[in-house]
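Take a look at the letters that make up each chain.
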Amino acid sequence: MQWLAKKTLQLIGWKTAYTAPPTSHGIVIVYPHTSNWDFPLGLLWKMVHKMPLRWVAKHTWFRPPLGTLMRALGGIGIRRDGGLDITTQLRDTMLAEPECWLCLAPEGTRAHKDYIHMGYYHIAQAAGVPIGIGTIDYKTKTINIGNYRAVEPTIEAELKQLAADFAGIEAYNPNKASKLAVKVR
């Protein structure tokens, strides 16, 4: 499978880069996420590098007949109903496995929004794990996870660091990339 994934990426003109994670558990954040193409490209990258990545999607994607395939590909179904503590659910799911890196898109959608979700930040803080910076750069046709760091002590500092982490990365649909800001209530 690894060979086939690598050849597929080469055939369509994509390169990959990878630095092994520093710990057995953590969170990879992928930004910007503006296209359905991000998912198959990310899965091919995962097959090439064999990183223990798990990803999150709505629980409805995990019903039969797709559910078995989605779980086999590393998916975790979550309910996003009101009142559920998703941060705790994901932290506990990640830490229950011997080796697990959760892959999250802070935008939560492929449509433009004026903010991102900071769930990854709260999960990383609660679990005491690092984050990895994941990019799918359509300008250079490169998929990469290579920089790992602790989350910043404040959300304001984290947003500033994210701007530096993702500077120069081009989305499939650049006009759909969400702003690196928090939701104003």
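The structure this text deals with has already been given above.
Residues numbered from 1 in each chain as written. Predicted model: local features only at pLDDT ≥ 70, side-chain atom pairs only at ≥ 80, totals over all residues. Heavy atoms only, no water.

Visitor: Where do I start with the packing of helix H4 (residues 86-96) against helix H5 (residues 119-127) in this structure?
Guide: Direction vectors running N to C along H4 and H5 enclose 50°, while the axes themselves pass 9 Å from each other. With respect to their mutual orientation, H4 and H5 come out oblique. Judged by the sense of rotation from one axis to the other, the crossing of H4 with H5 is right-handed. Of the residues in H5, those in contact with Thr-87, Leu-90, Arg-91, Met-94 and Leu-95 of H4 are His-122, Ile-123, Ala-126 and Ala-127. Of the residues assigned to the contact of H4 with H5, the class counts are six nonpolar, two polar and one charged. (Axes fitted to C-alpha atoms, helices over the stretch in contact; angles between N-to-C directions. Helix = DSSP H or I, 4+ residues; strand = E, 2+ residues; numbered from the N terminus. Parallel < 35°, antiparallel > 145°, perpendicular 65-115°, else oblique. Left-handed = near helix turned anticlockwise from the far one by under 90°. Contact = heavy atoms within 4.5 Å. Nonpolar A, V, L, I, M, F, W, Y, C, P; charged D, E, K, R; others polar.)

Visitor: Help me understand the environment of Thr-135 in this model?
Guide: By the secondary structure assignment, Thr-135 is in strand S6 (residues 131-137). The sequence separation of Thr-135 and Ala-171 amounts to 36 residues, and the corresponding C-alpha distance is 9.2 Å. Beyond its immediate stretch of four places on either side in the chain, Thr-135 contacts Tyr-31, Thr-142, Ile-143, Asn-144, Phe-166 and Ile-169.

Visitor: What should I look at first to understand the nonpolar core in this one?
Guide: Within soluble globular proteins, side chains that are nonpolar generally end up buried alongside one another. Judged by nonpolar contacts, the single largest core of 25 residues is most densely connected at Ile-27, Ile-29, Met-94, Leu-102, Tyr-120, Ile-131 and Leu-162. Breaking this core down by element, the ones donating at least two residues are strand S2 (25-30), strand S4 (75-78), H4, strand S5 (100-104), H5, S6 and helix H6 (155-165). If you tally residues by element for this core, the top one is H5, at five residues. Other than its neighbours up to four places away in sequence, Ile-27 contacts Met-94, Trp-101, Leu-102, Leu-104, Tyr-120, Ile-123, Ala-124, Val-129, Pro-130, Ile-131 and Gly-132. Ala-5, Ile-136, Ile-143 and Tyr-148 belong to the second largest nonpolar core, which has 17 residues in total. (Core = buried A, V, L, I, M, F, W, Y, C linked by side-chain atoms within 4.5 Å. Buried < 20%, exposed > 50% of the residue type's maximum accessible area, 1.4 Å probe, protein only.)

Visitor: How should H6 be read in this particular structure?
Guide: Side chains three or four residues apart in an α-helix point the same way, a direct result of the helix having 3.6 residues per turn. Taken as a whole, H6 has its buried residues at Glu-158, Leu-159 and Leu-162. Buried residues of H6, viewed axially, fall in a sector of 100°; they line one side. Within H6, the exposed residues directed more than 90 degrees away from the buried face are Glu-156, Lys-160 and Ala-164. Where the residues of H6 are buried, they touch S2, H5, S6 and strand S7 (142-149). (Arc of directions from axis to C-beta.)

Visitor: Help me out: how do you make sense of the packing of aromatic side chains in this one?
Guide: In this description, a pair of aromatic rings is defined by centroid distance and the angle of the planes. In total, this model carries seven aromatic pairs according to the counting rule given. Where Trp-14 meets Tyr-138, the ring centres are 5.1 Å apart and the plane angle is 90°; that geometry is what we call edge-to-face. Of the two residues, Trp-14 is situated in the loop between helix H1 (2-11) and strand S1 (15-18) and Tyr-138 in the loop between S6 and S7; the sequence distance between them amounts to 124 residues. With a relative accessible area of 8%, Trp-14 lands in the buried category. Connected via pairs of aromatic rings, a cluster forms that spans Trp-14, Tyr-138 and Tyr-172. (Phe/Tyr/Trp six-rings, centres within 6.5 Å; stacked < 30°, edge-to-face > 60°.)

Visitor: Could you clarify how one ought to interpret unusual backbone geometry in this entry?
Guide: Generally, phi is negative for residues other than glycine and the peptide bonds are trans, each holding for most cases. Between Tyr-31 and Pro-32 the backbone carries a cis peptide bond, its omega angle lying at -10°. Mapped onto the elements, Pro-32 comes out in the loop between S2 and helix H2 (38-49). Residue Pro-65 follows Pro-64 across a cis peptide bond; omega there is 5°. For Pro-65, the location among the structural elements is in the loop between strand S3 (53-58) and helix H3 (67-72). Non-glycine residue Lys-50 carries a positive phi angle of around 55°. Looking at the secondary structure, you find Lys-50 in the loop between H2 and S3. The class of Lys-50 is exposed, set by a relative accessible area of 60%. Although it is not a glycine, Lys-141 sits at a positive phi angle of roughly 55°. Tracing the backbone shows Lys-141 in the loop between S6 and S7. Lys-141 gets classed as partly exposed once you look at its relative accessible area, which sits at 32%.

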